[in-house]
Amino acid sequence: MSTNSLVSSSNASSSSDTQPILYSYWRSSCSWRVRIAMNLKEIPYDIKPISLIKSGGEQHCNEYREVNPMEQVPALQIDGHTLIESVAIMHYLEETRPQRPLLPQDVHKRAKVREIVEIICSGIQPLQNLIVLIHVGEEKKKEWAQHWITRGFRAVEKALSTSAGKYCVGDEISMADCCLVPQVFNARRFHVDLRPYPIILRIDRELESNPAFRAAHPSNQPDCPPELPNK
């Protein structure tokens, strides 16, 4: 178990003296979203790495199945509760720790944040998730991932054309940004041509130097293989 190096003190209240534990995999975009959100809110937490590939995947072991019956990451133990699903976790953090908000006050802007989150988290990422790519097969997985990321990014770019300021929705970082950056990483991993998406690329560049985003990056995780570039 390793402590995230960015977070230290927090104003968030907790019903338990136990520091939150995030079950995470270094390259999981779902885990990454939650790491970003917790870093932005300055919530101290420990990381419990769960390898999705070692010994057929530690997420499938009996012990972890008790934590997350979906046998996926992330899972978060916080306030005496165990939560699964990244978007549900981010909403819990927003509702219990409203300091440094990740949802705008304006109702329409909130809807736009949720819209972008849904496009990414329902319409793109699940279709290129590890379990799906294994089913598709090695020969076809790149083409499959490219198709669904491209289809989804067309919709994201269109949404951003009317909502974006400095970030996805206006000039404040939101849950939409937490979800966008990991998905851009996935797009590059599968060699998607990103030139048709200038707003997505601009926002990604804007956020890459943000300390909360930088600390959440896969290369800065305790379970990132040491031989990888930029580790």
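Here the residue numbering is sequential within each chain, running from 1 through the sequence in written order. Totals for whole chains, interfaces and linings use every residue, but because this is a predicted model, local features are given only for residues with pLDDT of at least 70 and side-chain atom pairs only at 80 or more, for both listing and counting. No hydrogens and no water enter the side-chain calculation; it runs on all heavy atoms of the structure.

As annotated in an unreviewed UniProt entry, the chain carries the name Probable maleylacetoacetate isomerase 2 isoform X1 and comes from Drosophila kikkawai. Per UniProt, the chain carries the Pathway (unreviewed entry) text "Amino-acid degradation; L-phenylalanine degradation; acetoacetate and fumarate from L-phenylalanine: step 5/6." UniProt positions are given in the numbering used here, feature names are shortened, and annotations may be inferred rather than shown by experiment.

1. Looking at the overall build of the chain
The number of helices and strands found in the chain is nine helices and five strands. In terms of overall size, the chain behaves like a compact globule, its C-alpha atoms giving a radius of gyration of 17 Å where 231 residues would be expected to give roughly 17 Å. For the C-alpha atoms alone, the extent of the chain along its principal axes is close to 45 × 45 × 30 Å. Burial here depends on accessible area, computed with a 1.4 Å probe over protein chains only, as a share of the maximum for the residue type. Under 20% is buried, over 50% is exposed, and the range in between is partly exposed. Looking at the 231 residues of the chain, the share that counts as buried comes to 49%. Residue contacts follow a heavy-atom distance rule, with two residues in contact if any of their heavy atoms lie within 4.5 Å. Of the contacts made within the chain by residues no fewer than 6 positions apart, 68% connect residues no fewer than 24 positions apart. Only the protein chains shown count as covering a residue, and every accessible area follows the Shrake-Rupley method with a 1.4 Å probe. Counting only carbon and sulfur atoms, one obtains 51% of the accessible surface of the chain, whose full area is about 11,600 Å². One finds the centroid of the 27 positive side-chain charges in the chain at a distance of 5 Å from the centroid of its 27 negative side-chain charges. Per the convention used, a helix needs a DSSP run of H or I reaching at least four residues, while a strand needs a run of E reaching at least two, with both numbered from the N terminus. Put simply, the radius of gyration uses C-alpha atoms, and a globule should come to 2.2 Å times the residue count raised to 0.38. Only four residue types enter the charge count: Lys and Arg as positive, Asp and Glu as negative, with His and the chain ends excluded. Think of each charge as sitting on NZ of Lys, CZ of Arg, CG of Asp or CD of Glu.

2. As for helix H4 (residues 107-123)
Here a helix's expected span is defined as the number of its residues, less one, multiplied by 1.5 Å. Taking 1.5 Å of rise per residue, 17 residues should cover 24 Å, and H4 covers 23 Å from first to last C-alpha, within 8% of that figure. When we look at burial in H4, the residues that qualify are Lys112, Val113, Ile116, Val117, Ile119, Ile120 and Cys121. Looking at the packing, one finds that the buried side of H4 touches helix H1 (29-40), helix H3 (86-96), helix H6 (141-163) and helix H7 (175-189). Identification of polar contacts relies on pairs of N or O atoms within 3.5 Å, with a donor-acceptor requirement for protein atoms, meaning one able to donate a hydrogen and the other able to accept it, and with residues adjacent in sequence counted only if both atoms are side-chain atoms. Two or three places before His108, at the opening of H4, Asp106 has a side-chain oxygen 3.1 Å from that residue's backbone nitrogen.

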